[in-house]
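Chain residues, written in single-letter form:
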Amino acid sequence: RMLNVWNACVEEVSIHILEGFASVEQLGSQARAQMIHDTNDYYKGVVNIAPVSERGLRLHSKILSYLKAFFIDRKEDMEDWIKMNSKDYDQRLLAKLERSL
């Protein structure tokens, strides 16, 4: 039961991390790289406290993938990434990526 509460908390925080990172305007590549580093540190800490569900781990990957997409510098590549990931992200988050080019 406690593990279920733990995983629900991890998942909720992960969703807020993704939405928070997406809401930041006009950020340079160094700051985005720091976000990736911070996300990895957060998950390392979380996993050291207690096991994390598969969904929690998928959310971690989802955050990293989204942040890495900001490093795409060709419009065609970004459009391809958005098409491939359109089911995994809210349209608002995808529009933010598209505007980043």
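Structure: see above.
Residues numbered from 1 in each chain as written. Predicted model: local features only at pLDDT ≥ 70, side-chain atom pairs only at ≥ 80, totals over all residues. Heavy atoms only, no water.

## Details of the overall build of the chain
- Regarding its fold elements, the chain presents five helices and zero strands.
- Mapped from its N terminus to its C terminus, the chain presents α and β elements in the order α-α-α-α-α.
- The dimensions of the chain, computed from C-alpha atoms along their principal axes, are 45 × 30 × 20 Å.
- Put simply, of all contacts in the chain between residues at least 6 apart along the chain, 69% involve residues at least 24 apart.
- Surface accessibility of the chain: about 6600 Å² in total, with carbon and sulfur atoms responsible for 54%.
- Between the mean site of the 14 positive side-chain charges and the mean site of the 15 negative ones, the chain shows a separation of 3 Å. (Helix = DSSP H or I, 4+ residues; strand = E, 2+ residues; numbered from the N terminus. Contact = heavy atoms within 4.5 Å. Areas by Shrake-Rupley, 256 points an atom, 1.4 Å probe, with all protein chains shown as cover. Lys, Arg positive; Asp, Glu negative; His and termini not counted. Charge placed at Lys NZ, Arg CZ, Asp CG, Glu CD.)

## Looking at the nonpolar core
- Core analysis: the biggest nonpolar cluster contains 25 residues, and Ile63, Tyr66, Trp81, Tyr89 and Leu97 have the highest contact counts within it.
- Going through the elements one at a time, helix H1 (2-23), helix H2 (29-49), helix H3 (54-69), helix H4 (75-85) and helix H5 (91-99) are the ones with two or more residues in this core.
- At six residues, H3 tops the list of elements feeding residues into this core.
- Those residues in contact with isoleucine 63 that sit more than four places away from it in its chain are Ser14, Ile17, Leu18, Phe21, Thr39 and Tyr43. (Core = buried A, V, L, I, M, F, W, Y, C linked by side-chain atoms within 4.5 Å. Buried < 20%, exposed > 50% of the residue type's maximum accessible area, 1.4 Å probe, protein only.)

## Some remarks on the packing of H1 against H2
- Where H1 contacts H2, the two axes come as close as 12 Å, and the packing angle between them is 175°. With respect to each other, H1 and H2 are oriented roughly antiparallel. Listed contacts from H2 to Trp6, Val10, Val13, Ser14, Ile17 and Phe21 of H1 are Arg32, Met35, Thr39, Tyr42, Tyr43, Val46 and Ile49.
- Along the lines of polarity and charge, the residues of the contact of H1 with H2 split into ten nonpolar, two polar and one charged. (Axes fitted to C-alpha atoms, helices over the stretch in contact; angles between N-to-C directions. Parallel < 35°, antiparallel > 145°, perpendicular 65-115°, else oblique. Nonpolar A, V, L, I, M, F, W, Y, C, P; charged D, E, K, R; others polar.)

## A word on H5
- Residues Leu93, Leu94, Lys96 and Leu97 constitute the buried set of H5. Buried residues of H5 fall within an arc of 155° about the axis and therefore sit on the same side. Exposed residues lying more than 90 degrees from the buried face of H5 are Gln91 and Arg99.
- Close packing links the buried residues of H5 with H1, H2, H3 and H4.
- Sitting at the amino-terminal end of H5 is aspartate 90, which places a side-chain oxygen 2.8 Å from the backbone nitrogen of arginine 92. (Arc of directions from axis to C-beta. Polar contact = N/O pair within 3.5 Å; in protein donor to acceptor, adjacent residues only side chain to side chain.)

## Notes on the packing of H1 against H5
- Put simply, H1 and H5 touch, their axes get as near as 10 Å, and they point 35° apart. You can see that H1 and H5 cross each other, and the crossing is left-handed. Of H5, the residues touching H1 (which contributes Leu18, Glu19, Ala22 and Ser23) are Arg92, Leu93 and Lys96.
- Across the contact of H1 with H5, the residue classes tally to three nonpolar, one polar and three charged. (Left-handed = near helix turned anticlockwise from the far one by under 90°.)

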